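Here is what each chain is made of, one letter per residue.
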Amino acid sequence: MDSISLMGSSPTSAKASFLPNGLKNGSMEGPSKPTVAIIGSGDFSKCLAIRLLRSGFHIVVGSRQPKRAAEFFPHVVDVTHHEDAVGKASVVFLAIRREHYPSLWDIKHLLVGKILIDVSNNRRVNQYPESNAEYLASLFPESTVVKGFNVISAWAMQSGPKDASRQVYICSNSVEARQQVMEMARQLSFIPVDMGTLSSAKEIENMPLRLFSDWKGPVLTAVALSIFFFAYSFVRDIIHPYMKSKQSFFYKIPLEMVNRTLPVVAITLLALVYLAGQFAAAHQLFFGTKYRRFPHWLEGWLQSRKQLGLLSFFFACVHVLYSLCLPMRRSERYLLLNMAYQQVHANIENSWNEEEVWRVEMYVSFGIMSLGLLSLLAVTSIPSVNSALNWREFSFIQSTLGYIALLIATFHALLFGWKRAFEEEAYRFYLPPCFVVALVLPVTVIIGKGVLLLPCVAWRLKRIRRGCESNQHFTDHERPAAHVSPERVTIM
């Protein structure tokens, strides 16, 4: 069992005190690691101390009330006053808020030449004109300030890094200090990300405060489409029968109307995933280069494809659950009984319809296949699965199989509608059936893909993406710049 020694030399007869994960104080095995000081005695400071102890560091904690704070730390941690803690370490974690930075002014002379790691966060985005780390550097210009570890929660720090909480963003004006802190992050089992100079600190501090920033556009799109298609179906299937023949179908609103909206939104969102790539391809074909920047709206659209695809998968899954619940409705049982009574009254012994049987069988089969492919696309967008695939495998699943999923979902919708698109009574208030409106975008995307696969178009697009330019003279807007690849037409 790994053991952690007390700070400084300790007698071998000292009583062992156990730490989380079975660690205890005693002699260190292997090379001795430097002493690290932590200023602050809150929850994050405690969890950071435990994590550092598990990795073999000697820890000293500085607190304004050391006797009271010592109760919350392992016994091997030396809890003392600020000046004593700073004097024993060359690397100092500042686990205090920005408003408490001036309280360290009295020990400014002790911080000269030391690395100060700022782990603070603000209460809202862009709360101050400058970042906390830059403000700290202005207070202690003779110290080296490093911003890092602020995106890790206290719980993740103590329990150990998990998938999404493994990355630690680090920045500093000192390359040497930055590399030293990055190596420390690796020893703590985190993945350091070099963000460059201290000017990136404000961006790093805003990261924990963002709430699904990448999802706002896709979610708003999904909500807008849901409201539109629900209102469209409500007007056609509820209002029209009531106004024309006083039939009340309002009982369909909670289940059936929602279930009619879900698949329409799902297939529209899936079509939007691949429509963005086709716009990007058209942009490259028009300008004859891959180095001209996409418009901002298109670049944002390309970056939102993963979220759009996952939302499409979500709507499809909920649609399946709603569909399974339809036969359980009391209204469905009444309609089934009424149909049976009508057949008995009309003396109909066999109501078998071969065409309807085949239509429904194929309709359900295509729906299951499209959902299965959507599930595969969603699974491969998980980072751990994605990292296990090479680029060709990932592109085949997300692009080729994605288009196949869209094509099968389109056939699913066509089989659902069947002949109703050509029946006059299906156009209520002169509005086409909902499935006809839903098929406009997917059919457009499929036709667009067919055009891009034409040999003359595909050959030119392939040359452009390989770097062959029709015009080698770039304007300011055409100069090479990093942008989202249109080839990654994926849910990821």
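Residues numbered from 1 in each chain as written. Predicted model: local features only at pLDDT ≥ 70, side-chain atom pairs only at ≥ 80, totals over all residues. Heavy atoms only, no water.

From N to C terminus, the protein chain includes 17 helices and 10 strands. For the protein chain, restricting intrachain contacts to residue pairs at least 6 apart in sequence, the fraction spanning at least 24 positions comes to 73%. With an accessible surface of roughly 27000 Å², the protein chain has 60% of that area assigned to carbon and sulfur atoms. (Helix = DSSP H or I, 4+ residues; strand = E, 2+ residues; numbered from the N terminus. Contact = heavy atoms within 4.5 Å. Areas by Shrake-Rupley, 256 points an atom, 1.4 Å probe, with all protein chains shown as cover.)

An ideal rise of 1.5 Å per residue puts 44 Å on 30 residues; helix H8 (residues 216–245) measures up with 42 Å between its terminal C-alpha atoms. At Ile239, H8 is deflected by roughly 35°, the largest bend along its length, and proline Pro241 occurs up to four residues later in sequence. Buried residues of H8: Pro218, Ala222, Leu225, Ser226, Phe229, Tyr232, Ser233, Arg236, Asp237, Ile238, His240 and Pro241, and no others. Of the surrounding elements, those touching the buried residues of H8 are helix H9 (253–287), helix H11 (305–325) and helix H16 (434–452). Once H8 ends, the next one or two residues include Lys246, with phi positive near 60°. (Expected span 1.5 Å × (residues − 1). Bend = angle between axes of the 7 residues up to and from the residue. Buried < 20%, exposed > 50% of the residue type's maximum accessible area, 1.4 Å probe, protein only.)

This paragraph deals with the packing of aromatic side chains. Here the structure, examined in full by the defined rule, presents 19 aromatic pairs. Between Phe93 and Phe149, the ring centres sit 5.6 Å apart and the planes meet at 70°, which makes this aromatic pair edge-to-face. Taken together, the positions of Phe93 in strand S6 (residues 91–94) and Phe149 in the loop between strand S8 (144–147) and helix H5 (154–159) put the pair 56 residues apart, joining distant regions of the chain. Given the relative accessible area of 0%, Phe93 is considered buried. Judged by its relative accessible area of 1%, Phe149 is buried. Geometrically, the ring pair formed by Phe149 and Phe190 is edge-to-face, given 6.4 Å between the ring centres and 85° between the ring planes. One end of the pair, Phe149, is in the loop between S8 and H5; the other, Phe190, is in the loop between helix H6 (175–187) and strand S10 (191–194), and 41 residues separate them in sequence. Of the two residues, Phe149 and Phe190, neither departs from the other in class, the shared state being buried. Ring-pair connections join several aromatic residues into one group, and the members of that group are Phe93, Phe149 and Phe190. (Phe/Tyr/Trp six-rings, centres within 6.5 Å; stacked < 30°, edge-to-face > 60°.)

On to the sheet that holds strand S7 (residues 115–118), then. Ordered by their spatial adjacency, 8 strands build an open sheet running S5-S4-S3-S6-S7-S8-S9-S10, and the pairing between neighbours is mixed. In this open sheet, the two edge strands, each paired with only one partner strand, are strand S5 (78–80) and S10. Adjacent strand axes in the sheet meet at a mean angle of 25° when their direction is disregarded. Relative to S10, strand S9 (residues 167–172) runs parallel, the two sharing 4 bridges. Pairing of Gln167 across the sheet is with Ile191, part of S10. (Pairing = 2+ DSSP bridges. Axes fitted to C-alpha atoms, helices over the stretch in contact; angles between N-to-C directions.)

What follows deals with the side chain of Ser143. Inspection of the secondary structure assignment puts Ser143 in the loop between helix H4 (132–139) and S8. Owing to a relative accessible area of 11%, Ser143 belongs among the buried residues under this scheme. Polar side-chain contacts of Ser143 include one of 2.5 Å to the backbone oxygen of Leu111. If we ignore the near neighbours within four places in the chain, the residues touching Ser143 are Leu111, Val112, Gly113, Lys114 and Leu116. (Polar contact = N/O pair within 3.5 Å; in protein donor to acceptor, adjacent residues only side chain to side chain.)

Our focus in this paragraph is the nonpolar core. Within the largest apolar cluster, 37 residues are counted, with the highest numbers of intra-cluster contacts made by Leu269, Leu272, Tyr274, Trp301, Phe315 and Val445. If you tally residues by element for this core, the top one is H9, at 14 residues. Excluding residues that lie within four positions of it along the chain, Trp301 makes contacts with Leu272, Leu275, Ala276, Phe279 and Leu308. Formed by 35 residues, the second largest nonpolar core is a distinct cluster that contains Ile115, Ile152, Met157 and Leu188. (Core = buried A, V, L, I, M, F, W, Y, C linked by side-chain atoms within 4.5 Å.)

Another aspect to go through is unusual backbone geometry. Of note, the phi angle at Ser189 is positive, near 75°, even though the residue is not glycine. With a relative accessible area of 34%, Ser189 lands in the partly exposed category. In the Ramachandran plot, Tyr430 falls in the positive-phi region, its phi being about 60° despite a non-glycine side chain. Positionally, Tyr430 belongs in the loop between helix H15 (391–417) and H16. We classify Tyr430 as exposed; its relative accessible area is 80%.

Examined against the element boundaries, Gln127 turns out to sit in the loop between S7 and H4. Residue classification places Gln127 among the buried residues on the basis of a relative accessible area of 18%. In this structure the side chain of Gln127 is engaged in a polar contact, spanning 2.9 Å, whose partner is the backbone nitrogen of Arg123.

This part is about the confidence of the model for the protein chain. For the protein chain, per-residue confidence averages 86 on the pLDDT scale, and 88% of positions sit at 70 or higher. Segment residues 1–30 is flagged for pLDDT under 50; beyond a separation of four residues in sequence, or across chains, it makes 55 contacts in the model. Here residues 472–492 scores under 50 on pLDDT; set against residues more than four positions off or in separate chains, the count is 64 contacts. (pLDDT = per-residue confidence, 0-100.)

As a further point, take the pattern of salt bridges. In the structure shown here, the tally under the stated rule is 16 salt bridges. Through salt bridges with shared partners, a single network forms among Arg236, Asp237, Glu256, Arg260, Arg329, Glu332 and Arg428. (Salt bridge = Lys/Arg side-chain N within 4 Å of Asp/Glu carboxyl O.)

This paragraph deals with H16. Look at H16: 29 Å from first C-alpha to last across 19 residues, which is about the 27 Å you get at 1.5 Å a residue. Residue Val440 marks the point of greatest curvature in H16, where the axis turns by about 30°; the proline Pro442 follows within four residues. By the burial criterion, the buried members of H16 are Cys434, Phe435, Ala438, Leu439, Pro442, Val445, Gly448 and Leu452. Of the surrounding secondary structure, the elements contacted by the buried residues of H16 are H8, H9, H15 and helix H17 (455–465).

The next subject is the packing of H8 against H9. For any two helices packed against each other, the geometry comes down to the angle between their axes and how far apart the axes lie. The contact between H8 and H9 brings their axes to 9 Å, and the two run at 135°. The angle between H8 and H9 places the two elements in the oblique class. Here the hand of the crossing between H8 and H9 comes out right-handed. For the pair H8 and H9, the contacting residues are Thr221, Ala222, Leu225, Ser226, Phe229, Phe230, Ser233, Phe234, Asp237 and Ile238 in the first and Ile253, Met257, Val258, Arg260, Thr261, Val264, Val265, Thr268, Leu269 and Leu272 in the second. Taken together, the residues of the contact of H8 with H9 break down into 13 nonpolar, 5 polar and 2 charged. (Parallel < 35°, antiparallel > 145°, perpendicular 65-115°, else oblique. Left-handed = near helix turned anticlockwise from the far one by under 90°. Nonpolar A, V, L, I, M, F, W, Y, C, P; charged D, E, K, R; others polar.)

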